[in-house]
Structure formats: structure tokens, C-alpha cells
Amino acid sequence: MADIGVTQGELRKAGNALMDAADGGKTGSGDTGGSSDLSGTNSAVSTGGSLDGFAIRGALNTCETQWEDATDSMLAKISLTGDKLVLAADSYDEIEADNTEPFRFLEG
């Protein structure tokens, strides 16, 4: 049977790297990880700047919030993918044995 060339350790390493990358994209604390580093929380819109009193302030705040939500959603999906790889690594040996045994008669 052909080996696909992925080891348990490689799966775990890739999964952990994805989760670390997703965690690195966020700041703050709590269950959701806070605001994304990619957000505009320090922009003139958030700090009041010269846009106070204009309708554009509300539109820009909405845009900024939607950007943060989209970024946080993407980072959550990346983290979930990493977690799935780590779980796959945990059961890799058992699955490999289960899938190899029925075809062992072909080896020899």
C-alpha cells in the first residue's frame, strides 16, 4: 500500500502552527480573543477624530465592525482547521492500521 508520506508528528505540528497563527492574529482576552490586530480600532473613526457629527462616522464604524467580524471569523476557521489536524494526528496510527489490515494479503 502506498504511503502518503504524512506522519503523526507532521500533522500535529501543522495543526499547532495553524492554531498559533490564528491566535497571533488577535489581541485582547476572553473567549473570543478580543479584537483583531487587523482591525482599525485606533483609527480616527474610533477615536473621534475630525469626523464627529457627520453621517460618515456611523458608516465607517459599521464598516470597521464588519471588517473585525470577518477577520475574527476567518481566524476562528483557521484555528478550527488546526484543531482538526491535531485530532487527526491523535488517531492517525489507529486509522492507518484499520485501513491497512484488510489489504495486507496483497503484500505478499
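Because the structure is predicted, anything quoted here is derived from the model rather than measured. (Residues numbered from 1 in each chain as written. Predicted model: local features only at pLDDT ≥ 70, side-chain atom pairs only at ≥ 80, totals over all residues. Heavy atoms only, no water.)

1. Quick word on the overall build of the protein chain
For step 1, the next point in the chain: Summing up its helical and strand segments, the protein chain has three helices and zero strands in all.
For step 2, the next point in the chain: In sequence order, the secondary structure elements of the protein chain are arranged as α-α-α.
For step 3, the next point in the chain: For the protein chain, with 108 residues in total, the buried portion stands at 19%.
For step 4, the next point in the chain: Considering only contacts in the protein chain between residues 6 or more positions apart, those separated by 24 or more positions represent 62%.
For step 5, the next point in the chain: Total accessible area on the protein chain is roughly 7,500 Å²; 58% of this is exposed by carbon and sulfur atoms. (Helix = DSSP H or I, 4+ residues; strand = E, 2+ residues; numbered from the N terminus. Buried < 20%, exposed > 50% of the residue type's maximum accessible area, 1.4 Å probe, protein only. Contact = heavy atoms within 4.5 Å. Areas by Shrake-Rupley, 256 points an atom, 1.4 Å probe, with all protein chains shown as cover.)

2. Some thoughts on a nonpolar patch on the surface
For step 1, the next point in the chain: Together, Phe 103, Phe 105 and Leu 106 line one region of the surface with nonpolar side chains, adding up to about 370 Å² of accessible area.
For step 2, the next point in the chain: In this structure, Leu 106 sits in the segment after helix 3 (55-100). (Patch = residues over 30% accessible without salt bridge, like charges linked within 9 Å, V, L, I, M, F, W, Y side chains within 5 Å. Salt bridge = Lys/Arg side-chain N within 4 Å of Asp/Glu carboxyl O.)

3. A few points about helix 1 (residues 8-24)
For step 1, the next point in the chain: Here helix 1 is 17 residues long and its end C-alpha atoms lie 24 Å apart, about the 24 Å a rise of 1.5 Å per residue gives.
For step 2, the next point in the chain: Residues of helix 1 that are buried make contact with helix 3. (Expected span 1.5 Å × (residues − 1).)

4. Observations regarding helix 3
For step 1, the next point in the chain: Taking 1.5 Å of rise per residue, 46 residues should cover 68 Å, and helix 3 covers 65 Å from first to last C-alpha, within 8% of that figure.
For step 2, the next point in the chain: Along helix 3, the largest kink reaches about 55° and is centred on Ser 91.
For step 3, the next point in the chain: Those residues of helix 3 that fall on the buried side of the exposure criterion are Glu 64, Glu 68, Thr 71, Asp 72, Leu 75, Gly 82, Val 86, Ala 89, Tyr 92 and Thr 100. (Bend = angle between axes of the 7 residues up to and from the residue.)

5. Some details on the packing of helix 1 against helix 3
For step 1, the next point in the chain: Relative orientation of the contacting elements helix 1 and helix 3 amounts to 160°, with a least axis distance of 7 Å. As summarised for this structure, helix 1 and helix 3 are arranged roughly antiparallel, according to the angle between their axes. For the pair helix 1 and helix 3, the crossing hand works out as left-handed. (Axes fitted to C-alpha atoms, helices over the stretch in contact; angles between N-to-C directions. Parallel < 35°, antiparallel > 145°, perpendicular 65-115°, else oblique. Left-handed = near helix turned anticlockwise from the far one by under 90°.)

6. What to know about the environment of Gly 25
For step 1, the next point in the chain: Structurally, Gly 25 is set in the loop between helix 1 and helix 2 (44-47).
For step 2, the next point in the chain: By relative accessible area, which is 15% here, Gly 25 ends up buried.
For step 3, the next point in the chain: Along the chain, Gly 25 and Thr 71 lie 46 residues apart, while their C-alpha atoms are 8.7 Å from each other.

7. Details of the confidence of the model for the protein chain
For step 1, the next point in the chain: Here the protein chain shows a mean pLDDT of 75. Residues at 70 or above account for 69%.
For step 2, the next point in the chain: Mean pLDDT across the secondary structure elements of the protein chain bottoms out at helix 2, with 49, and peaks at helix 1, with 89.
For step 3, the next point in the chain: Every residue in residues 28-34 is under pLDDT 50, and counting partners more than four places away or in other chains gives eight contacts.
For step 4, the next point in the chain: Counted against residues more than four places away or in other chains, residues 38-46, with its pLDDT under 50, gives 21 contacts. (pLDDT = per-residue confidence, 0-100.)

8. So, the environment of Thr 7
For step 1, the next point in the chain: Mapping Thr 7 onto the fold places it in the segment before helix 1.
For step 2, the next point in the chain: Residue classification places Thr 7 among the partly exposed residues on the basis of a relative accessible area of 41%.
For step 3, the next point in the chain: C-alpha of Thr 7 to C-alpha of Ala 89: the two residues are 82 residues apart in sequence and 8.0 Å apart in space.

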